[in-house]
Amino acid sequence: MTKLLEWLLGVSAVVVAWGLLTFDLLGLRLPQAYRDVAWPMPMYLLLVFGCYSLATVGYRVATFNDCEEAAKELQAQIQEAKQDLQKRVEILIQRLINPGVELWPLAQLLKEMIRQRLIKVCRMAGTQASHVEHEPTRLC
Amino acid sequence: MATGADQAVGMGLVGFSLMLFTYYTVWVIILPFVDSDHVIHNYFLPREYSVILPGVAALVLILCVGTFIGVVTWKNRKPKKMD
């Protein structure tokens, strides 16, 4: 017996009981007060479940354990990492613009790749690609 | 412990759900056993509304959630890449 089957059986048992009570299929002729309580039961159970969920969420929000020092420390670390990254990017740009002997082939390769991509994009955009092939530093 | 606004919102939610639960319980379970000429019946709508109102509210909620999902999905659609 899988869990799904168990749940389905339980739910259908409850639904059948509710149907019997609400539509009086067994002819029990319960007092009107009890029938008035029985017929909104599905909606009532749904609403109780909703209220319980809302209250649980609200309670857990109110009693959540904030860590103030850890948050501040994290912010400081983020700032530090940003500045570090900024410095590294600047160094990298400097080295790309003024390549030393060891970076010259790499810079050439990058320029060639960018030129090929530009040619492809210009061809797809339908413009003339010839001037890109001769003057690779201008956009089409 | 959570501070300030968090506590206020959390406790507000708890209070609201408690009030809603109490009102609805009185309406559905207690009122049928109270004499029909008692003054408390003036504070509650007819019984049909105890099913219609939450039903409508649930529909509106589902509509809002569906609209939100639709809007977010629409905003994040990307045109096909050209390669």
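From a predicted model like this one, the values you see are computed outputs, not experimental measurements.

Draft legend 1. Local environment of the overall build of chain A. Secondary structure summary: chain A contains 6 helices and 0 strands in total. For chain A, the α and β elements follow one another from N to C terminus as α-α-α-α-α-α. Taking all 140 residues of chain A together, the buried fraction comes to 16%. Sequence-distant contacts, at least 24 apart, represent 3% of the contacts inside chain A between residues at least 6 apart. Approximately 11,500 Å² of chain A is accessible, and the part contributed by carbon and sulfur atoms is 67%.

Draft legend 2. Looking closely at the nonpolar core. Residues Val37, Met41, Met43, Tyr44, Leu47 and Cys51 of chain A together with Tyr24, Val26, Trp27, Val28, Leu31 and Phe44 of chain B constitute the largest nonpolar core, which totals 12 residues. The element contributing the most residues to this core is helix α3 (residues 41-62) of chain A, with 5 residues. The contacts of Leu31 of chain B, once residues within four sequence positions are left out, are Val26, Ile40, His41 and Phe44 of chain B.

Draft legend 3. Layout of the interface of chain B and chain A. The interface is formed by 26 residues belonging to chain B together with 24 residues belonging to chain A. Between chain B and chain A, a total of about 2,300 Å² is buried, with carbon and sulfur atoms accounting for 78% of that surface. Our count for the contact surface shared by chain B and chain A stands at 0 salt bridges. For the side of chain B that touches chain A, the elements supplying multiple residues, two or more each, are α1 (4-30) and α2 (49-75) of chain B. If you tally residues by element for the side of chain B that touches chain A, the top one is α1 of chain B, at 14 residues.

Draft legend 4. The UniProt feature "transmembrane region" (unreviewed entry) in chain B, seen in detail. UniProt annotation of "transmembrane region" (unreviewed entry) refers to residues 12-31 and 51-74 of chain B when read in the numbering used here. Regarding residues 51-74 of chain B, the helix share stands at 100% and the strand share at 0%, and the terminal C-alpha atoms are separated by 34 Å.

Draft legend 5. Structural context of the layout of surface pockets. Space inside the largest pocket adds up to approximately 490 Å³. Leu47 of chain A together with Leu20, Pro54, Ala57 and Ala58 of chain B are the residues nearest the centre of the largest pocket, which is lined by 16 residues in total. Listed by contribution, the elements that provide at least two residues to the lining of the largest pocket are α3 of chain A together with α1 and α2 of chain B. It is α3 of chain A that contributes the most residues to the lining of the largest pocket, 7 residues altogether. By residue class, the composition of the lining of the largest pocket is 14 nonpolar, 2 polar and no charged.

Draft legend 6. Here's a closer look at the pattern of salt bridges. All names here are of chain A. Enumeration according to the criterion identifies 3 salt bridges over all chains in this entry. Here Glu112 makes a salt bridge to Arg115, at a shortest N to O gap of 3.1 Å. You can see Glu112 and its partner Arg115 sitting in helix α5 (residues 104-125), 3 residues apart, about one turn around the helix. Using a relative accessible area of 18% as the deciding quantity, one classes Arg115 as buried.

Reading the values: the criteria
Residues numbered from 1 in each chain as written. Chains lettered and ligands numbered in written order. Predicted model: local features only at pLDDT ≥ 70, side-chain atom pairs only at ≥ 80, totals over all residues. Heavy atoms only, no water. Helix = DSSP H or I, 4+ residues; strand = E, 2+ residues; numbered from the N terminus. Buried < 20%, exposed > 50% of the residue type's maximum accessible area, 1.4 Å probe, protein only. Contact = heavy atoms within 4.5 Å. Areas by Shrake-Rupley, 256 points an atom, 1.4 Å probe, with all protein chains shown as cover. Core = buried A, V, L, I, M, F, W, Y, C linked by side-chain atoms within 4.5 Å. Buried area = accessible area lost by both parts, 1.4 Å probe. Salt bridge = Lys/Arg side-chain N within 4 Å of Asp/Glu carboxyl O. UniProt positions renumbered as here; feature names shortened; annotations may be inferred. 1 Å grid on protein atoms, 1.4 Å probe; cavity = no way out; pocket = protein on both sides within 12 Å on 5 of 7 lines; lining within 4 Å. Points joined across faces, edges and corners; volume = space filled by probe spheres on them. Nonpolar A, V, L, I, M, F, W, Y, C, P; charged D, E, K, R; others polar.

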